[in-house]
Amino acid sequence: SFVGIVLIYSVIWVPFYAYLTMSSYIYVNQFGCTEQTYSYYYAVCALLSMAGPYLYIRFLQKCNKNILTYFCFGVSALSGVGAITIGTTAPYYFCFMIFLYYLTTNALRPFSTNLILEQQKNDIGTASSIMNMSFNLFGCIGMLFASFPFRNMAVAIGVMIMIASIIAIVGWCVLVKTTTIRGFYD
């Protein structure tokens, strides 16, 4: 269950790191924003996304974790669809879709980290190292994808978000049905 959970939550890092790599090109070259305006969009999205862990700790901690996980991954997938469709029309729509992706994945971060570390009772340091290495590895894959010559980078990010979210949903469904997860409660 440890490896499965790590892989499910690692795949979400692919579009995150791709966005970090491509965002300046998207806002400046595709939408025609100035570098200063780009920094505002980036800062607003990053700052607002910090609400995710707060929302989890304040309001979502007691809710059904299985439903929460499906809901967050589902909203994340829908934000990818939104980035593909309306996100290409204006920078503020694109920023909002990325914000939804950030918010939902960040809302799962406290739960996922706790759940991953709960699987390893004896060697938490190794578990934490493997978790962080996996997140960075998948993030590097996202940066590699970002180097591909896409016609429309906003669409590419949306597709990555949508695919990563669908993979996470399917992986979570398989994991919950086939594995006993220590520390997981409905």
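Quick note: structure is the one above.
Conventions adopted
- Residues numbered from 1 in each chain as written.
- Predicted model: local features only at pLDDT ≥ 70, side-chain atom pairs only at ≥ 80, totals over all residues.
- Heavy atoms only, no water.
- Helix = DSSP H or I, 4+ residues; strand = E, 2+ residues; numbered from the N terminus.
- Buried < 20%, exposed > 50% of the residue type's maximum accessible area, 1.4 Å probe, protein only.
- Contact = heavy atoms within 4.5 Å.
- Areas by Shrake-Rupley, 256 points an atom, 1.4 Å probe, with all protein chains shown as cover.
- Lys, Arg positive; Asp, Glu negative; His and termini not counted.
- Charge placed at Lys NZ, Arg CZ, Asp CG, Glu CD.
- Axes fitted to C-alpha atoms, helices over the stretch in contact; angles between N-to-C directions.
- Parallel < 35°, antiparallel > 145°, perpendicular 65-115°, else oblique.
- Left-handed = near helix turned anticlockwise from the far one by under 90°.
- Nonpolar A, V, L, I, M, F, W, Y, C, P; charged D, E, K, R; others polar.
- 1 Å grid on protein atoms, 1.4 Å probe; cavity = no way out; pocket = protein on both sides within 12 Å on 5 of 7 lines; lining within 4 Å.
- Points joined across faces, edges and corners; volume = space filled by probe spheres on them.
- Core = buried A, V, L, I, M, F, W, Y, C linked by side-chain atoms within 4.5 Å.

A. Inspection of the overall build of the chain at higher detail. Tallying secondary structure elements over the chain gives 8 helices and 0 strands in all. When the elements of the chain are put in sequence order from the N terminus, they spell out α-α-α-α-α-α-α-α. Once the C-alpha set of the chain is aligned to its principal axes, its extents read approximately 50 × 30 × 25 Å. Evaluated residue by residue, the chain yields a buried proportion of 44% over its 186 residues. In the chain, the share of contacts with a sequence separation of at least 24, taken over all contacts with a separation of at least 6, comes to 83%. With an accessible surface of roughly 9,300 Å², the chain has 67% of that area assigned to carbon and sulfur atoms. Counting 8 positive and 4 negative side-chain charges, the chain places the centres of these two groups 8 Å from one another.

B. Molecular detail of the packing of helix H5 (residues 65–85) against helix H6 (residues 91–118). One can describe the packing of H5 onto H6 by two numbers: an axis separation of 8 Å at closest approach and a directional angle of 160°. The orientation of H5 relative to H6 falls into the category roughly antiparallel. When you trace H5 past H6, the crossing you get is left-handed. Together, Lys-65, Leu-68, Thr-69, Cys-72, Phe-73, Val-75, Ser-76, Ser-79, Gly-82 and Ala-83 of H5 and Phe-94, Met-97, Leu-100, Tyr-101, Thr-104, Thr-105, Ala-107, Leu-108 and Phe-111 of H6 make up the contact between the two elements. Taken together, the residues of the contact of H5 with H6 sort by class into 12 nonpolar, 6 polar and 1 charged.

C. Molecular detail of empty space enclosed by the protein. Summed over the entire model, instances satisfying the criterion amount to 1 cavity of 30 Å³ or more. Looking at the largest cavity, its volume works out to about 70 Å³. Around the largest cavity, the lining residues are Tyr-9, Ile-12, Trp-13, Phe-73, Thr-105, Leu-108, Arg-109, Ser-112 and Phe-135. For the lining of the largest cavity, the element with the most residues is H6, which contributes 4 residues. In terms of residue class, the lining of the largest cavity is made up of 6 nonpolar, 2 polar and 1 charged.

D. Geometry of the nonpolar core. Among the nonpolar cores identified, the biggest contains 53 residues, and Tyr-9, Met-22, Tyr-27, Phe-94, Ile-98 and Ile-157 are the most heavily contacted of them. Going through the elements one at a time, helix H1 (2–11), helix H2 (13–30), helix H3 (35–49), H5, H6, helix H7 (124–146) and helix H8 (153–178) are the ones with two or more residues in this core. A total of 13 residues in this core trace back to one element, the largest contributor, which is H6. Beyond its immediate sequence surroundings of up to four residues, Ile-157 is in contact with Pro-15, Ala-18, Tyr-19, Met-22, Ile-26, Phe-94 and Ile-98.

E. Region of interest: the environment of Tyr-38. Its location among the elements puts Tyr-38 in helix H3. Among the residues examined, Tyr-38 registers a relative accessible area of 17% and is labelled buried. Separated by 11 residues in sequence, Tyr-38 and Tyr-27 have C-alpha atoms that sit 5.7 Å apart. In contact with Tyr-38, other than residues within four places in its own chain, are Ser-23, Ser-24, Tyr-27, Val-28 and Cys-33.

Take it as geometry only, folks, not as evidence of what the structure does.
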